[in-house]
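Each chain, written out:
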Amino acid sequence: MRELPPTAGLPLHFGDLRPGSAPFAAQAAAWLGVEHLQLECSGTAALVVALHAISRLRPDRREVVVPAWTCPLVALAIHRAGLKPRLCDLAPNHYDMDATQLAAVCSNKTLAIVPTHLAGRVADVATANTIAHNVGAYVIEDAAQAVGAQQDGRSVGLLGDAGFFSLAVGKGLTLYEGGLLLACDPALREAFAASHRAIIKSNPSMDKQRALELIGYTAAYRPWLLPLAYGRPLRKALAAGDPVSAVGDDFGPEIPLHTVSDWRQAVGARALLRLPAFLEATRQQALRRIQRLRQIPGLTVFADAPGQQGVWPFLLVTMPSEAIRDSALHTLWTAGLGVSRLFIHALPDYAYLRDVVPPTELPNARSFAARSLTITNSPWLRDDEFEKICRRLERAR
Ligand SMILES: *Cc1c(COP(=O)(O)O)cnc(C)c1O
């Protein structure tokens, strides 16, 4: 029995877990070529801290514009910061926001726009900047899935006013949970630090819980143990007709806000040394594999435009219709080959977000949710297994 993870996470070594402490955020900043990174306990917490800070700077503005197809935690973070999500539909058959829609939903109520670098791809931050600066809003890049991605040789997160990365399980480098927050302007950086001091507390019992989770992840993240840790709960949720919990989209309203222990930072600092080579190897693998995917009629593969160098945790594709996508997933989702879906719904279609996001007409986001699937870019997916996936995609009707 073998089960592949849905994303290319950097495996931890037991040697990473020895005691110690290290300036993890400073080392990550040096690697990314950014001046400073603020460590938080999750990507969501990083966004809460950033929103808390800028809503003090612009108390008259309450709306945060996000793509309608994104991580539900983004909507929960906005709600937690006492603000309102305002949804922007996607461009047709694209993961990025539609520029015309974006201009239409922004106004003098807009506090921030959140362009989102999904699947390691680089989003159009320049358009968000132009629109934001016209209405006096900030741009916060959601780079949760894109640590290491670059535009014109510079890290994502530096194109707008601020940005954040996630260090959660499944997003590349992981501390089990963690986030990094970035701002270019020293005044904004100081506002983020002040927010951290105001709302983030140490929490020894969360430190203990996360330490155990990180050890468990280190032990279980290998193809012969993932049937237990990932495959079994996945099959159970799918059998129960619950795709939202199958992909781990089922978030509660509580957002943990606490500091990250010295030990977890030391673990991250050790793993960070292996990250550049891992990202390069997965990049080479992805560039080869998207060539093969492009031969499949009707499939759309998302890749880099000139000037962009994204990262490749998984390959994001869309199919011509929901029926064809579902026919492909029918056998592939539970085949142990790391084929899955990203977000199950457009944000208003999650039952638990009913009081958080407004009902909105979002044809493109709903269509994207219905027609997309993901293929792991884990180095554990062998070429013959990848070819098997491609054949099934070709046969889907
Ligand atoms: C995972 C994710 C987040 C939240 O990050 P966490 O570290 O899990 O809190 C935000 N945005 C996107 C697009 C994500 O994929």
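Definitions and cut-offs
- Every chain's residues receive numbers from 1 upward, in the order its sequence appears when written.
- This being a predicted model, a pLDDT of at least 70 is required before a residue's local features are given, and a value of 80 or more before pairs of side-chain atoms are given or counted; all residues contribute to the totals for chains, interfaces and linings.
- Hydrogens and water molecules were not included; the side-chain quantities draw on all heavy atoms of the structure.
- For two strands to be treated as a pair, DSSP must find at least two bridges joining them.
- Numbering of helices and strands runs from the N terminus; a helix is a DSSP stretch of H or I covering at least four residues, while a strand is a stretch of E covering at least two.
- Any pair of residues with heavy atoms lying within 4.5 Å of one another is described as a contacting pair.
- Axes, fitted as lines to C-alpha atoms, cover a helix only where it is in contact. Angles between the N-to-C directions of the axes lie from 0 to 180 degrees.
- Only heavy atoms are used to decide nearness, and a residue is near a molecule or strand if one of them lies within 4 Å of it.
- Here a polar contact is recorded for every N or O atom pair within 3.5 Å, except that within protein the pair must consist of a potential hydrogen donor and a potential acceptor, and residues adjacent in sequence are included only if both atoms are side-chain atoms.
- Note on classification: 1.4 Å probe, protein chains only; a residue is buried when its accessible area is under 20% of the maximum for its type, exposed when over 50%, partly exposed between these limits.
- These descriptions rest on fixed angle ranges, namely under 35 degrees for roughly parallel, over 145 for roughly antiparallel, 65 to 115 for roughly perpendicular, and the rest for oblique.
- When the near helix sits turned anticlockwise from the far one by under a right angle, the crossing is termed left-handed; a clockwise turn instead gives a right-handed crossing.
- All residues other than Ala, Val, Leu, Ile, Met, Phe, Trp, Tyr, Cys, Pro, Asp, Glu, Lys and Arg, Gly among them, are scored as polar; the first ten of these are nonpolar and the last four charged.
- By convention, a stacked pair of Phe, Tyr or Trp rings (six-membered ring in the case of Trp) has centres within 6.5 Å and planes under 30 degrees apart, an edge-to-face pair has planes over 60 apart, and any other such pair is tilted.
- Distance and angle both matter: a charge sits over a ring if NZ of Lys or CZ of Arg is within 6 Å of the ring centre and within 35 degrees of the ring normal.

**Side note on the sheet that holds strand S10 (residues 300-301)**
Turning to step 1, where the next piece is worked out: Pairing is antiparallel in the open sheet, where four strands are placed in the order S10-S12-S14-S13. Of all strands in the sheet, those bounded by a partner on one side alone are S10 and strand S13 (339-340).
Turning to step 2, where the next piece is worked out: Two strands pair when backbone bridges link them, and S10 and strand S12 (residues 314-318) are joined in this way by two bridges, in the antiparallel orientation. Bridged to Val301 within S12 is Val317.
Turning to step 3, where the next piece is worked out: Helix H14 (residues 383-395) contacts S12, S13 and strand S14 (372-376) of the sheet and is inclined by roughly 165° relative to S14.

**Topic: the site of the ligand**
Turning to step 1, where the next piece is worked out: Around the ligand lies a shell of 16 residues, among which Gly43, Thr44, Asp142, Ser166 and Lys171 are the nearest.
Turning to step 2, where the next piece is worked out: Within the side chain of Asp142, a nitrogen or oxygen atom sits 2.6 Å from a nitrogen atom of the ligand.
Turning to step 3, where the next piece is worked out: Contacts to the ligand include Gln145, whose side-chain N or O atom sits 2.8 Å from an oxygen atom.

**Some words on the pairing of strand S8 (residues 162-166)**
Turning to step 1, where the next piece is worked out: For S8, the tally of buried residues reaches five of five residues, placing the bulk of the element in the interior.
Turning to step 2, where the next piece is worked out: A two-sided burial pattern is seen for S8, the buried positions comprising Ala162, Phe164 and Ser166 on one face and Gly163 and Phe165 on the other.
Turning to step 3, where the next piece is worked out: Judged from the three bridges that link them, strand S5 (residues 138-142) and S8 form a sheet pairing that is parallel. Its bridge partner being in S8, Glu141 is matched across the sheet by Gly163.
Turning to step 4, where the next piece is worked out: With five bridges joining them, S8 and strand S9 (residues 179-183) adopt antiparallel strand pairing. Note on S9: the bridge partner recorded for Gly163 is Leu182.

**So, the packing of helix H2 (residues 43-57) against helix H6 (residues 186-199)**
Turning to step 1, where the next piece is worked out: Relative orientation of the contacting elements H2 and H6 amounts to 110°, with a least axis distance of 8 Å. One finds that H2 runs roughly perpendicular with respect to H6. Judged by the sense of rotation from one axis to the other, the crossing of H2 with H6 is right-handed. Across the interface between the two elements, Val48, Val49, Ala50, His52, Ala53, Ile54 and Leu57 of H2 pack against Leu188, Ala191, Phe192, Ser195, His196, Ala198 and Ile199 of H6.
Turning to step 2, where the next piece is worked out: Here the contact of H2 with H6 is composed, by residue class, of eleven nonpolar, three polar and no charged.

**Things to note about the packing of H2 against helix H3 (residues 72-80)**
Turning to step 1, where the next piece is worked out: Running from N to C, H2 and H3 cross one another at 35°; their axes reach a closest spacing of 9 Å. In terms of crossing hand, the pair formed by H2 and H3 is right-handed. In contact with Thr44, Leu47, Val48 and Leu51 of H2, H3 contributes Leu73, Val74, Ala77, Ile78 and Arg80.
Turning to step 2, where the next piece is worked out: Split into classes, the residues belonging to the contact of H2 with H3 amount to seven nonpolar, one polar and one charged.

**Remarks on the packing of aromatic side chains**
Turning to step 1, where the next piece is worked out: In the structure shown here, the tally under the stated rule is seven aromatic pairs.
Turning to step 2, where the next piece is worked out: Summarising the aromatic geometry, the rings of Phe302 and Phe368 are spaced 5.6 Å apart at their centres and angled 50° between planes, so their arrangement reads as tilted. Of this pair, Phe302 sits in the loop between S10 and strand S11 (308-309) while Phe368 is found in helix H13 (residues 363-371), placing the two residues 66 residues apart along the sequence.
Turning to step 3, where the next piece is worked out: Phe368 sits in the buried class, given a relative accessible area of 0%.
Turning to step 4, where the next piece is worked out: Note that Arg121 overlies the ring of Trp312, its terminal NZ or CZ placed 3.5 Å from the centroid.

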